[in-house]
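Per-entry structural report
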Amino acid sequence: MRTQVAIIGGGPAGLLLSHLLHLQGIDSVVLESRDRGYVERRQRAGMLEQGTTDVLRETGAGERLDREGLVHHGLELRFDGAGHRVPLTDLTGRTVTVYAQTEIVKDLIAKRLEDGGDVRFETEVVELDASAPSVTFRGADGVTRTLDCDYIAGCDGFHGVSRPTVPGLRTFSREYPFAWLGVLADVPPSTDELIYANHERGFALHSLRSPEVSRLYLQVAPDEDIAAWSDARIWDELAARFATDDGWKLREGPITDKSITPMRSFVAEPMRHDRLFLAGDAAHIVPPTGAKGLNLAVSDVIVLARALTERYANGSETLLDGYSDACLRRVWRAEHFSYWMTTLLHVDPAADAFDRRLQQSHLAYVASSEAAKTSLAENYVGLPIA
Ligand code: FAD
Ligand code: DHB
């Protein structure tokens, strides 16, 4: 079998790439290792930059996002028992939107199938050739086939098969001495805007999914045993970390999903080898504080779709040759911002009293300085796509 672009991975990066290419008349096949239900239910990101919502809307994949997405104009930094608002829209003219990654994935799968797209679930990649491009895979029917193509897009996330096939990649990484315990709860959010809280017991984040569903995160140890966290213990810990001097109350409700995510920073350079292009988490990871991962995956595939469009329109490979550099400039800015937000807000178990005082001073400065808040805001809402 043959296609123009073989896409490995049916997460947000792979599905959006397939959608964007289709709109330019370019054929692709998406090979996803998991089943459809699994990818549609995997709880992850929720905060979208305006550049991300713009592309979904402009390409006809934003109908439900427009109906159900919650547009936000600010966020709260909370520390020392008090909240400090960062007015994102006043400072940047831009907004962010809460709309879960699960919903984007559902919308994009539905759109690809409606448009006659070829998305194959439960496939296993057996071999990948980046120079005479082809992907050999075993399908859900157990049959092994070879998909010949012009280009391969490795959109298969951090644990995928694409990146390990690239010889001589240079990698950069940082592990953090903490993880996030994330919960989804059937309870109306106790806040209209996200709260990023720093407390001596650790970081906590209050996010949301809808007027009826809250999404909350707690900093925990990297080797934390999830079984040690009963629902009651989670609510007690959240209440302690979000507590304010003016008696703000956290509403509690049934927890419907619970998981622990390790935190790391990682970049692989370059994001291209021969005719294989890496995009999204396959090429880079950020710690989740600041919500950059999904948005970076989206900006990578916007750049890749443009480059492939130029190649098929007039034969020029100029944009394809510039793909890795164009993406990495934005990736490294997001890497720095995510690292900065993470160290600003988390408690490092190895920190001494001096480190803690520096962190308190840093928080007080960000909360009180228009310049510092503007810097946070412009990174948070997302810098322009190359
Ligand atoms: P993935 O979503 O990982 O998709 C890769 C796909 O490839 C998967 O479907 C996988 O099953 C498939 N795959 C893997 N191996 C193979 C294989 N061998 N063959 C075929 N398919 C394969 N980002 C934000 O922007 N905002 C947020 O608010 C945010 N919050 C987060 C909160 C948490 C708790 C976590 C864990 C992440 C968060 N992120 C956030 C990050 C975001 O979820 C990821 O960056 C995003 O999923 C990247 O998309 P992707 O398509 O590159 O990779
Ligand atoms: C969410 C996740 C984040 O990492 C973040 O910074 C903001 C929101 C979320 O899942 O809603």
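We now turn to the structure provided with this report. Being a predicted model, the structure only gives us computed values, none of them experimental.

Some thoughts on the overall build of the chain
Counting its regular elements, the chain contains 11 helices and 20 strands. For 386 residues, the compact-globule estimate of 2.2 N^0.38 gives 21 Å, and the chain sits close to it at 21 Å. Summarising its shape, the C-alpha atoms of the chain cover approximately 65 × 40 × 40 Å along the three principal directions. In the chain, buried positions account for 55% of the 386 residues. A separation of at least 24 residues holds for 71% of the contacts in the chain among residues at least 6 apart in sequence. When the accessible surface of the chain is split by element, carbon and sulfur atoms take 48% of a total near 16300 Å².

Things to note about the site of ligand 2
Surrounding ligand 2, one finds 14 residues, the nearest of these being Tyr196, Ser207, Arg209, Tyr217 and Pro288. Contact distances for ligand 2 include 2.6 Å between an oxygen atom and a side-chain N or O atom of Tyr217. Between Gly290 and ligand 2, the recorded distance is 3.2 Å, taken from a backbone N or O atom to an oxygen atom. If ligand 2 stood free it would expose 290 Å²; the protein chains cover 96% of that surface. Ranked by residues supplied to the shell around ligand 2, first place goes to strand E15 (residues 204-210) with three residues. The class makeup of the residues in the shell around ligand 2 is nine nonpolar, three polar and two charged.

Thoughts on the site of ligand 1
Near ligand 1 you find 33 residues, and of these Glu32, Arg42, Gln101, Asp281 and Leu294 are the closest. Backbone polar atom of Gly293 to a nitrogen atom of ligand 1: 3.3 Å apart, as the coordinates give it. Contact between ligand 1 and Leu294: an oxygen atom at 2.7 Å from a main-chain N or O atom of the residue. Starting from 1000 Å² of accessible surface for ligand 1 in isolation, the protein chains cover 90%.

Focus: the sheet that holds strand E18 (residues 272-273)
Read from one edge to the other, the open sheet built from six strands follows the order E8-E2-E1-E12-E19-E18, with strand pairing classed as mixed. On the outer flanks of this sheet lie strand E8 (118-120) and E18, each paired with one strand and no other. Sheet topology note: the strand E1 (residues 5-8)/strand E12 (residues 151-154) ladder contains four bridges and is parallel. In the sheet register, Ala6 faces E12, and the bridge partner there is Ile152. Running at roughly 175° to E12, helix H8 (residues 293-314) makes contact with E1, E12 and strand E19 (276-278) of the sheet.

Section: helix H3 (residues 50-58)
It helps to recall that an α-helix has 3.6 residues per turn; residues three or four apart then point in one direction. Of the residues making up H3, those classed as buried are Gln50, Gly51, Thr52, Thr53, Val55 and Leu56. Directly beyond the C-terminal end of H3, a positive phi value near 80° is found at Gly60.

Things to note about helix H11 (residues 370-381)
When the terminal C-alpha atoms of H11 are compared, their 16 Å separation across 12 residues agrees well with the 16 Å that a helix rising 1.5 Å per residue should span. Residues of H11 that are buried include every one of Ala372, Lys373, Leu376, Ala377, Asn379, Tyr380 and Val381, and no others. Of the residues flanking the start of H11, the one acting as N-cap is Ser369, its side-chain oxygen 3.2 Å from the backbone nitrogen of Ala371. Among the residues trailing H11, Gly382 stands out with phi positive, at a value near 105°.

Side note on the sheet that holds strand E11 (residues 144-148)
The strand order E9-E10-E11 describes an open sheet built from three strands, whose pairing is antiparallel. Among the strands making up the open sheet, the edge pair consists of strand E9 (124-129) and E11. In this sheet, neighbouring strand axes are inclined to one another by 20° on average, regardless of whether the strands run parallel or antiparallel. With five bridges joining them, E9 and strand E10 (residues 134-138) adopt antiparallel strand pairing. Opposite Leu128, over in E10, you have Val135 as the bridge partner.

Brief notes about the packing of H8 against helix H9 (residues 318-345)
It is at 9 Å that the axes of H8 and H9 come closest, and there the two elements cross at 165°. In this view, H8 runs roughly antiparallel relative to H9, as classed from their interaxial angle. Judged by the sense of rotation from one axis to the other, the crossing of H8 with H9 is right-handed. Residues Leu296, Ser299, Asp300, Val303, Leu304, Arg306, Ala307, Leu308, Glu310 and Arg311 of H8 form the contact with H9, whose participating residues are Thr318, Leu319, Leu320, Tyr323, Ala326, Cys327, Arg330, Val331 and Ala334. Of the residues belonging to the contact of H8 with H9, the class tally is 12 nonpolar, two polar and five charged.

Some words on the pattern of salt bridges
Pairs may arise between side chains of opposite charge once their charged atoms sit close together. Taken as a whole and assessed by the stated rule, the structure comprises 24 salt bridges. Between Arg57 and Asp66 there is a salt bridge, and its shortest N-O distance comes to 2.7 Å. Residue classification places Arg57 among the partly exposed residues on the basis of a relative accessible area of 39%. Glu237 serves as the salt-bridge partner of Arg201, at 2.8 Å between the closest nitrogen and oxygen. Here Arg201 is found in the loop between strand E14 (195-197) and E15, whereas its partner Glu237 is found in helix H7 (residues 231-242), with 36 residues between them in sequence. With a relative accessible area of 49%, Arg201 lands in the partly exposed category. What makes Glu237 buried here is its relative accessible area of 10%. Taken together, the shared-partner salt bridges in this structure form one network comprising Glu63, Arg64, Arg67, Glu68, Glu103, Lys106 and Asp107.

Comments concerning the packing of helix H1 (residues 12-23) against H8
Running from amino to carboxyl end, H1 crosses H8 at an angle of 30°, the nearest separation of the two axes being 9 Å. Looking at the two axes, H1 sits roughly parallel to H8. Taken as a pair, H1 and H8 cross one another with a handedness that is right-handed. Taking contact as the criterion, the partners of Pro12, Ala13, Leu16, Leu17, Leu20 and Leu21 in H1 are, on H8, Leu294, Ala297, Val298, Val301, Ile302, Leu304, Ala305 and Leu308. Across the contact of H1 with H8, the residue classes break down as 14 nonpolar, no polar and no charged.

Cut-offs used in this document
- Numbering of residues starts from 1 in every chain and runs along the sequence as written.
- Each chain is given a letter, starting from A, and each ligand a number, starting from 1, according to the order in which they appear as written.
- For this predicted model, a pLDDT threshold of at least 70 governs which residues receive local features, and a threshold of 80 or more governs which side-chain atom pairs are given and counted, while totals over whole chains, interfaces and linings are taken from all residues.
- Excluding hydrogens and water, the side-chain figures rest on all heavy atoms present in the structure.
- Secondary structure is summarised from DSSP: a helix means a run of H or I of at least four residues, a strand means a run of E of at least two, and numbering begins at the N terminus for each.
- Taken over C-alpha atoms, the radius of gyration is set against a globule rule of 2.2 Å times the number of residues to the power 0.38.
- Each residue is placed in one exposure class: buried if its accessible area under a 1.4 Å probe, protein chains only, is under 20% of its type's maximum, exposed if it is over 50%, and partly exposed if it falls in between.
- The contact definition used throughout considers only heavy atoms, calling two residues in contact when any of these lie within 4.5 Å.
- Working definition of accessibility: Shrake-Rupley area with a 1.4 Å probe, residue cover restricted to the visible protein chains.
- Being near a molecule or strand, for a residue, comes down to having at least one heavy atom within 4 Å of it.
- Contacts described as polar in this section are N or O atom pairs within 3.5 Å, which, within protein, must combine one atom able to donate a hydrogen with one able to accept it, while residues neighboring in sequence count only if both atoms come from side chains.
- Under the scheme applied here, ten amino acids are nonpolar (Ala, Val, Leu, Ile, Met, Phe, Trp, Tyr, Cys and Pro), four are charged (Asp, Glu, Lys and Arg), and all others, including Gly, are polar.
- Two strands are said to pair when DSSP picks up at least two bridges between them.
- Angles shown run from 0 to 180 degrees and are taken between the N-to-C directions of axes, each axis being a line fitted to C-alpha atoms and, for helices, limited to the stretch in contact.
- Expected span of a helix, by definition, is 1.5 Å for each gap between consecutive residues, and there is one gap fewer than residues.
- Working rule for angles: under 35 degrees goes down as roughly parallel, over 145 as roughly antiparallel, 65 to 115 as roughly perpendicular, anything else as oblique.
- Handedness of a crossing is defined here by the sense of rotation of the near helix relative to the far one, left-handed for an anticlockwise turn of less than a right angle and right-handed for a clockwise turn.
- Salt bridge, as used here, is a side-chain nitrogen of Lys or Arg placed within 4 Å of a carboxyl oxygen of Asp or Glu.

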